[in-house]
Amino acid sequence: MLLNLLAGLPVMLLCLVLQAIFVTMCLRHYVHFRHSKPPETQWLNILLLSMVMLLMLLSNFVQIAIWATLFMLLNEFDEFAIALYHSAVNFATLGYGDIVMSSRWRLLGPLEAANGILMFGVSTSVMTAAVMDVIKHNMDRLLQRERP
């Protein structure tokens, strides 16, 4: 168990740092674009929300690949595609069980699942914040139009 923690915790820490970098980049660009006062259209809101969702999804994909790389370094899989699939199943907390790691490294699966659910939660909160900002921005515009 200690060996699993020694192998998995640095990867979790790396994923946390990467998620923080992606969140910071995403929100910085979102705020910059929102305050640049472009012409307001429905398509602009769709573009902004799509950008946020894609960046958060990319962040999760990168983290899945990092876990898959760890599995390859531990010689758990012969092909990266299989390691990536197994990592995605763990990270998304699906737990199919069709591919199982050796008993020596099996505890890395739940560790990755804990990491994944936390990262999906952070991604969801960023997307929710962006959606709420778009709603607030549209409500403010609507109220300004209605004022005499």
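Nothing here was measured: the structure is a model prediction, and the numbers come from that model.

The rules we used
Residues numbered from 1 in each chain as written. Predicted model: local features only at pLDDT ≥ 70, side-chain atom pairs only at ≥ 80, totals over all residues. Heavy atoms only, no water. 1 Å grid on protein atoms, 1.4 Å probe; cavity = no way out; pocket = protein on both sides within 12 Å on 5 of 7 lines; lining within 4 Å. Points joined across faces, edges and corners; volume = space filled by probe spheres on them. Helix = DSSP H or I, 4+ residues; strand = E, 2+ residues; numbered from the N terminus. Nonpolar A, V, L, I, M, F, W, Y, C, P; charged D, E, K, R; others polar. UniProt positions renumbered as here; feature names shortened; annotations may be inferred. Phe/Tyr/Trp six-rings, centres within 6.5 Å; stacked < 30°, edge-to-face > 60°. Buried < 20%, exposed > 50% of the residue type's maximum accessible area, 1.4 Å probe, protein only. Lys, Arg positive; Asp, Glu negative; His and termini not counted. Salt bridge = Lys/Arg side-chain N within 4 Å of Asp/Glu carboxyl O. Polar contact = N/O pair within 3.5 Å; in protein donor to acceptor, adjacent residues only side chain to side chain. Contact = heavy atoms within 4.5 Å. Patch = residues over 30% accessible without salt bridge, like charges linked within 9 Å, V, L, I, M, F, W, Y side chains within 5 Å. Areas by Shrake-Rupley, 256 points an atom, 1.4 Å probe, with all protein chains shown as cover.

(A) Representation of the layout of surface pockets. What the largest pocket holds in volume is close to 190 Å³. His86, Asn90, Gly95, Ile99 and Gly109 are, among the 16 residues lining the largest pocket, the residues nearest its centre. Contributing elements (two or more residues each) for the lining of the largest pocket: helix H3 (80-91) and helix H4 (108-146). Residue composition of the lining of the largest pocket, by class: eight nonpolar, six polar and two charged.

(B) Representation of the UniProt feature "transmembrane region" (unreviewed entry) in the chain in the model. Feature annotation in UniProt assigns "transmembrane region" (unreviewed entry) to the following positions: residues 6-31, 43-70 and 113-135. End C-alpha atoms of residues 43-70 are separated by 40 Å, and the span's content is 100% helix alongside 0% strand. Regarding residues 113-135, the helix share stands at 100% and the strand share at 0%, and the terminal C-alpha atoms are separated by 32 Å.

(C) A look at the packing of aromatic side chains. Going through the model one piece at a time under the given rule, you end up with three aromatic pairs. Taking the centre distance of 6.3 Å and the plane angle of 50° together, the rings of tryptophan 67 and phenylalanine 71 count as tilted. Within this pair, tryptophan 67 and its partner phenylalanine 71 are both found in helix H2 (residues 42-73), separated by four residues, close to a single helical turn. Phenylalanine 71 sits in the buried class, given a relative accessible area of 0%. Grouped by ring-pair contacts, the aromatic residues Trp67, Phe71 and Phe77 constitute a single cluster.

(D) The side chain of glutamate 112, seen in detail. Among the structural elements, glutamate 112 can be located in helix H4. Of the side chains with opposite charge, arginine 106 lies nearest to the buried glutamate 112, which makes no salt bridge, at 13 Å. Polar contacts involving the side chain of glutamate 112 include one to the side chain of asparagine 90, which spans 3.3 Å. Apart from residues no more than four positions distant in its own chain, glutamate 112 is found in contact with Trp67, Phe71, Ser87, Asn90 and Phe91.

(E) Representation of a nonpolar patch on the surface in the model. Judged by side-chain polarity, Leu13, Leu16, Val17, Ile21, Met25, Ile117 and Leu118 come together as a nonpolar surface patch covering roughly 620 Å² of accessible area. Of all the secondary structure elements, the ones that give two or more residues to the nonpolar patch are helix H1 (2-35) and H4. Considering every element that reaches the nonpolar patch, the biggest residue donor is H1, with five residues. Relative to the elements of secondary structure, methionine 25 occurs in helix H1. On the basis of relative accessible area, methionine 25 is assigned to the partly exposed category, the value being 38%.

(F) Region of the structure containing the side chain of asparagine 90. Tracing the sequence through the fold places asparagine 90 in helix H3. The class for asparagine 90 is buried, based on a relative accessible area of 11%. When neighbours within four sequence positions are excluded, asparagine 90 is seen to be in contact with Phe71, Gly109, Glu112 and Ala113.

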